[in-house]
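So the chains spell out like this:
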Amino acid sequence: MKIHLPAAAATIAFAILTACSSGDSIHYRKCTGSVWATTYHITYRSAVNLDDSIYSVMNRVDDSLSPFSPTSVISRINSGADMATDSLVRRIFLASQRFNALSHGAFDPTVAPLVNLWGFGYRNIHTEPTAAQIDSALRYVGISQCSLQGNLVVKASDHTEFNFSAITKGYACDLIGEMMSRNGCDDYMVEIGGEMSLRGRNAHGDKWRVMIDAPIESDSAVVHSRMAVIEVTDAGIATSGNYRNYRHTAEGKVWHTINPATGYPAHTTTLSATVVAPDAMSADALATACMSMESDSAIAMIESLPATSVMLVRADSTGYRLLTSRGFPSIN
């Protein structure tokens, strides 16, 4: 889920919030805690404890990509203080340009100033934006107009800013998974805030069973209610939805998914999108894009990609109904 909270809420506090231990099996270990204003749950099969390496990856992601940290690489780029990148920024920047092209602009991390204007970003702005403010911010949106030149980011404008929150948690899941693979761990489930990287088998020798929540509105607490269960392995999974991150304004309820073309919250009948892809970073970005697209366009985009599928939850007169693309796992 895409959760945007103030900078103070994004601080990593492993000493207080983390609890890691090996389970009943000597091989399967569990690591759980809080990070980036959400929770994580990691299960992995290993003869050695990899918890410290998990924390190291999370801290590396935070130092590079957190827009809440004024000293992160991306914050320095946003402010114009230093346009130098690192390997994480370069990888996620190029991936974002690819998903921007695939979605015909529906996925665009340079929508950051507009997300801030609507009160869902990394700056505390509580007033409703005016049409003039939205039009002004729109001039700086467009990751396709930005580029990498060697180690440096070239922005479309000095006022262009990047917020990769809609892809970072999935990317972090992949990075943790890559670390585990390097350490000889072939069976793992890495979940951060609903985004997941899955490999191998669970403790029962089966594929990983993943519960998909029903779209129950709540802006004060995460409400888990089973809507579907799928069995998946060797893939990434991400769900994006508007039912947990919204605000009430004088004009009515507005959701956190901002349409990069209009500058206003996206208004579609899609309540949530769950994407299964070869990696969690791709699933994360594509799920976000689906929330800004009409369902037929979203499914066409997904079905154009190998080993990728989606389940859309759409509002209707009875509450909601499910719409799945070709190849989506069987629903239990």
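Our subject is the structure listed above.
Predicted model only: the values in this text are computed from it and were never measured.

The rules behind each value
Sequence order as written defines residue numbering, which begins from 1 separately in each chain. Where local features are concerned, this predicted model is filtered to residues with pLDDT of at least 70; where side-chain atom pairs are given and counted, the filter is 80 or more; whole-chain, interface and lining totals use all residues. Side-chain calculation: all heavy atoms of the structure are included, whereas hydrogens and water are not. Patches draw on residues past 30% relative accessible area with no salt bridge. Two like charges within 9 Å are joined, as are two nonpolar side chains (Val, Leu, Ile, Met, Phe, Trp, Tyr) within 5 Å. Note that accessible areas follow from Shrake-Rupley with a 1.4 Å probe, and for residues the cover is restricted to the protein chains shown. Salt bridge, as used here: a side-chain nitrogen of Lys or Arg that lies within 4 Å of a carboxyl oxygen of Asp or Glu. Partly exposed describes any residue whose relative accessible area lies between the buried limit of under 20% and the exposed limit of over 50%, with all areas from a 1.4 Å probe on protein chains only and scaled to the type maximum. Here a helix means four or more residues in a row that DSSP labels H or I, a strand means two or more in a row labelled E, and each is numbered from the N terminus. Two strands form a pair only when DSSP identifies at least two bridges running between them. Lines fitted to C-alpha atoms define the axes here, with helix axes fitted over just the stretch in contact, and angles between the N-to-C directions of these axes take values from 0 to 180 degrees. To sort the angles, those under 35 degrees are grouped as roughly parallel, those over 145 as roughly antiparallel, those from 65 to 115 as roughly perpendicular, and the leftovers as oblique. Should the near helix be turned anticlockwise from the far one by less than a right angle, the crossing is left-handed, and should it be turned clockwise, the crossing is right-handed. The contact criterion used is simple: two residues touch if any of their non-hydrogen atoms lie within 4.5 Å. Any residue that is not Ala, Val, Leu, Ile, Met, Phe, Trp, Tyr, Cys, Pro, Asp, Glu, Lys or Arg is counted as polar, Gly included; the first ten are nonpolar and the last four charged. By convention, a stacked pair of Phe, Tyr or Trp rings (six-membered ring in the case of Trp) has centres within 6.5 Å and planes under 30 degrees apart, an edge-to-face pair has planes over 60 apart, and any other such pair is tilted.

A.B. asks: Can you help me understand a nonpolar patch on the surface in this one?
C.D. replies: A contiguous nonpolar patch, built from Tyr-320, Leu-322 and Ile-331 and spanning about 230 Å² of accessible area, is present on the exposed surface. In this structure Leu-322 comes out as partly exposed when scored by relative accessible area, which is 34%.

A.B. asks: Explain the pairing of strand E13 (residues 270-277) to me, please; I cannot follow it from the model alone.
C.D. replies: Consecutive side chains along a regular strand alternate between the two faces of the sheet. Burial analysis of E13 places seven of its eight residues in the buried class, the great majority of the element. The pairing of strand E10 (residues 235-241) with E13 spans six bridges and is classified as antiparallel. Bridge pairing links Gly-236 to Ala-277 in E13. Pairing of E13 with strand E14 (residues 309-316), which is carried by six bridges, proceeds in the antiparallel orientation. Bridging across to E14, Thr-270 finds its partner in Arg-314.

A.B. asks: Before we go on, may I ask you to explain the packing of helix H8 (residues 280-291) against helix H9 (residues 295-303) in this structure?
C.D. replies: To characterise two packed helices, one gives the angle between the axes of the helices and the distance between these axes. In contact at an axis separation of 9 Å, H8 and H9 are set at 155° when each is read in the N-to-C sense. The pairing of H8 with H9 is recorded here as roughly antiparallel in orientation. H8 and H9 meet at a crossing whose hand is right-handed. Taken together, the residues of H9 that come into contact with H8 (itself represented by Leu-286, Ala-289 and Cys-290) are Ala-298, Met-301 and Ile-302. Along the lines of polarity and charge, the residues of the contact of H8 with H9 split into six nonpolar, no polar and no charged.

A.B. asks: Honestly, the packing of aromatic side chains in this entry has me stumped. Any pointers?
C.D. replies: The full count for this structure, using the stated rule, is three aromatic pairs. Centroid distance Phe-93 to Phe-162: 6.0 Å. Interplanar angle 70°. Geometry classified as edge-to-face. Here Phe-162 lies in the loop between strand E5 (152-154) and helix H7 (165-182) and Phe-93 lies in helix H4 (residues 87-102), a separation of 69 residues in the sequence. Phe-162 shares its class with Phe-93; the two are buried. Pairing Phe-162 with Phe-164 gives two aromatic rings, centres 5.7 Å apart and planes at 5°, and the pair type is stacked. For Phe-164, a relative accessible area of 1% translates into the label buried. Cluster of aromatic residues (ring-pair linked, three or more members): Phe-93, Phe-162 and Phe-164.

A.B. asks: Looking at this model, I keep getting lost on the packing of H4 against H7. Mind explaining?
C.D. replies: Axis separation between H4 and H7 bottoms out at 12 Å; the angle between their running directions is 125°. Taken together, the axes of H4 and H7 are oblique relative to one another. The handedness of the crossing between H4 and H7 comes out as right-handed. On the side of H4, the interface is formed by Ser-87, Leu-88, Arg-91, Ile-92, Ala-95, Ser-96 and Phe-99, while H7 contributes Ile-167, Thr-168, Tyr-171, Leu-175 and Glu-178. Of the residues that constitute the contact of H4 with H7, the class distribution is seven nonpolar, three polar and two charged.

A.B. asks: Please clarify how the pattern of salt bridges should be interpreted in this entry.
C.D. replies: Note that side chains of opposite charge can pair when their charged atoms are close. A complete count under the given rule lists six salt bridges for this structure. In this structure, Asp-187 and Arg-45 form a salt bridge, with 3.8 Å as the shortest nitrogen-oxygen distance. Here Asp-187 is found in the loop between H7 and strand E6 (188-192), whereas its partner Arg-45 is found in strand E3 (residues 38-45), with 142 residues between them in sequence. Given the relative accessible area of 38%, Arg-45 is considered partly exposed.

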